[in-house]
Amino acid sequence: MAKVRALAAFSGGLDGMLACRILMDQGIYVEAVTFGSPFFDPQAGRTAADHLGIPWREVDFTADIVALLFDPPSGFGKNMNPCIDCHAAMFSRLKEIAAEGDFDFIFSGEVVGQRPMSQNRGSINRVKNLSFTGDVLLRPLSAKILDPTPMEESGLVNRDLLLDLNGRGRTRQLKMAKEYGFSHIPTPGGGCLLTDPGYANRLKTLKDINLLSGENARMIRFGRMFVLDKAVGLVGRSSEENDRMLEADMGIQLDIQDIPGPLGILLGEKTVKNLTLLTAIMASYTRADSAVTSISNQNESFTAERIGNEERNNIIVTL
Ligand code: SF4
């Protein structure tokens, strides 16, 4: 008989690892997919999948999640996190990938009640309905307190061997991890920049001036950020950060001439006014009273006196 095949939505957390293991214990073949974007790093998924010894792949989710940030049908959480619609979009994508790869069903390590907004019983059902995955989506860790899925009813999965986890506690999960002999036990929570108030503030600023895109969202993780005219300026805080901004190779790069100083990046409208103001901001992070900057690999240069503290404080977007 052909082995049952299941595909996990897998962030690399402990719950996801356990969900995989309890299905593997039933003889089910498991692979894992981790979604990546400027807001969440897929590497934790790779590490955890390696630890379990299961095939893993990364799927770029940037376009999906950025589209949701404009007007998520189910709204935002506390910050810029559209968790319910994000989960639904992930499961929709996963269902498509599963169909292409001839998988029998998809699953996740979600636990009912673990997150007050996005993982209560109502949200879990809403995600299932929004993503049209009721026929293929299993939550092995809480299956016994949810309605039986078609996979359990048909005998593809043995419901008796699934769990009834409920709530935020981790005691049972940690006990199981020990019994399984996991040497890699990921710490809970965190990881999504959309839930970070400082980063969300920056992203909202981009959105308000019509500059929200995946590339810009990635770039505003760096530097101090300032609001210009239909543009934002980023100013490196250390030489390491300057290097990372250069590596990202985004926007218009401004270099200070002749004196030590930070790197500047302009995202948005490239006007003399914006570039001169950015120069004034960059000058304020040097020991000099003024600075001359030029755009990388170009002859254009801009000269400005350092901006005053009060004026600078009025346009900085705190992180
Ligand atoms: S925390 Fe981030 S990645 Fe997780 S569901 Fe919410 S928006 Fe999506």
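The structure displayed is predicted, hence computed values, not measured ones.

Another aspect to go through is the overall build of the protein. When you go through the protein residue by residue, the secondary structure sums to twelve helices and twelve strands. With the C-alpha coordinates of the protein rotated into their principal frame, the extents come out at 75 × 40 × 35 Å. Evaluated residue by residue, the protein yields a buried proportion of 43% over its 319 residues. Nonlocal contacts in the protein, meaning residues at least 24 apart in sequence, comprise 63% of its contacts between residues at least 6 apart.

Before going further, it helps to spend a moment on the domain arrangement of the protein. By a widely used convention, the size of an interface equals the accessible area lost when the partners come together. Looking at the protein, the domain boundaries give domain 1 (5–180) and domain 2 (196–317). Counting from both sides, the interface comprises seven residues of domain 1 and, opposite them, eleven residues of domain 2. Residues that form the side of domain 1 that touches domain 2 fall into these classes: five nonpolar, two polar and no charged.

So, about the nonpolar core. In terms of nonpolar packing, the biggest core is built from 87 residues, with Ala6, Ala8, Ile106, Phe107 and Leu234 touching the most fellow members. Take this core: its biggest share by element is nine residues, from helix α4 (residues 83–100). Once residues within four sequence positions are removed from consideration, alanine 8 is found in contact with Gly16, Ala19, Cys20, Val30, Ala32, Val33, Phe107 and Ser108.

With that out of the way, let us pick up the site of the ligand. Around the ligand, the neighbouring residues are Phe40, Asn81, Pro82, Cys83, Cys86, His87, Cys192, Leu194 and Thr195. Classifying every residue of the shell around the ligand by side-chain character gives six nonpolar, three polar and no charged.

With that settled, the discussion passes to the packing of helix α1 (residues 14–24) against helix α7 (residues 171–180). Contact pair α1 / α7: the axes reach a minimum separation of 10 Å and the direction vectors enclose 55°. Between α1 and α7, the interaxial angle falls into the category oblique. As α1 packs across α7, the resulting crossing turns out to be left-handed. Packed against α1, whose contacting residues are Leu14, Asp15, Leu18 and Arg21, the element α7 presents Gln173, Met176, Ala177 and Tyr180 at the interface. Tallied by class, residues from the contact of α1 with α7 come to five nonpolar, one polar and two charged.

What follows covers the sheet that holds strand β4 (residues 105–108). In spatial order, the strands read β3-β2-β1-β4-β5; together these five strands make up an open sheet with parallel pairing. Because the sheet does not close on itself, it has two edges, and the strands there are β3 (56–60) and β5 (137–138). By the bridge criterion, five bridges tie strand β2 (residues 29–36) to β3 in an arrangement that is parallel. Pairing of phenylalanine 35 across the sheet is with valine 59, part of β3. Across the sheet, helix α2 (residues 43–52) is in contact with β2 and β3; its angle to β2 comes to roughly 165°.

In this section: the sheet that holds strand β10 (residues 290–295). Strands in a sheet are paired, the pairing made by backbone hydrogen bonds, and the direction either parallel or antiparallel. A sheet is described by the order of its strands in space; here seven strands give the open sequence β11-β10-β8-β9-β7-β6-β12, paired in antiparallel fashion. Here the strands that pair on one side only, and so sit at the sheet edges, are β11 (301–305) and β12 (316–317). Relative to β11, helix α11 (residues 272–283) is tilted by about 55°, and along the sheet it contacts β6 (224–227), β7 (231–235), β8 (252–256), β9 (264–268), β10 and β11.

What describes two packed helices is the angle between their axes and the distance between those same axes. Contact geometry for α4 and helix α5 (residues 121–130): axes closest at 8 Å, N-to-C directions at 45°. Viewed along their axes, α4 and α5 adopt a mutual orientation that is oblique. In this structure, α4 meets α5 at a crossing whose hand is right-handed. Touching Ile84, Asp85, His87, Ala88 and Phe91 of α4 are Ser123, Arg126, Val127 and Leu130, all from α5. The class makeup of the residues in the contact of α4 with α5 is five nonpolar, two polar and two charged.

Buried residues dominate β7, accounting for five of its five residues. Neither face of β7 is exposed, since Ala231, Gly233 and Val235 on one face and Val232 and Leu234 on the opposite face are all buried. Looking at chain direction, β6 and β7 are connected through four bridges and run antiparallel. For phenylalanine 226, the partnering residue across the bridge sits in β7 and is glycine 233. Alignment of β7 against β9, held across five bridges, turns out to be antiparallel. Bridge pairing links alanine 231 to glycine 268 in β9.

Moving on, we get to unusual backbone geometry. Even without being glycine, phenylalanine 132 reaches a positive phi, approximately 55°. Take phenylalanine 132: it is sitting in the loop between α5 and β5. The exposure class of phenylalanine 132 is partly exposed, given the 13 C-beta atoms found within 10 Å. The phi angle at aspartate 258 is positive, at roughly 70°, despite the residue not being glycine. Mapped onto the elements of the fold, aspartate 258 is located in the loop between β8 and β9.

This part is about the pairing of β6. Hairpin geometry of β6 and β7 is characterised by an intervening segment of three residues between the two adjacent antiparallel strands and by a positive phi of about 55° at lysine 230. Two strands pair when backbone bridges link them, and β6 and β12 are joined in this way by two bridges, in the antiparallel orientation. Bridge pairing in β12 places phenylalanine 226 opposite isoleucine 316.

Conventions and cut-offs
- Residues numbered from 1 in each chain as written.
- Predicted model: local features only at pLDDT ≥ 70, side-chain atom pairs only at ≥ 80, totals over all residues.
- Helix = DSSP H or I, 4+ residues; strand = E, 2+ residues; numbered from the N terminus.
- Buried ≥ 20, exposed ≤ 12 C-beta atoms within 10 Å, placed from the backbone.
- Contact = placed C-beta atoms within 7 Å.
- Domains from an automatic or database assignment.
- Nonpolar A, V, L, I, M, F, W, Y, C, P; charged D, E, K, R; others polar.
- Core = buried A, V, L, I, M, F, W, Y, C linked by C-beta atoms within 7 Å.
- Near = placed C-beta within 6 Å.
- Axes fitted to C-alpha atoms, helices over the stretch in contact; angles between N-to-C directions.
- Parallel < 35°, antiparallel > 145°, perpendicular 65-115°, else oblique.
- Left-handed = near helix turned anticlockwise from the far one by under 90°.
- Pairing = 2+ DSSP bridges.

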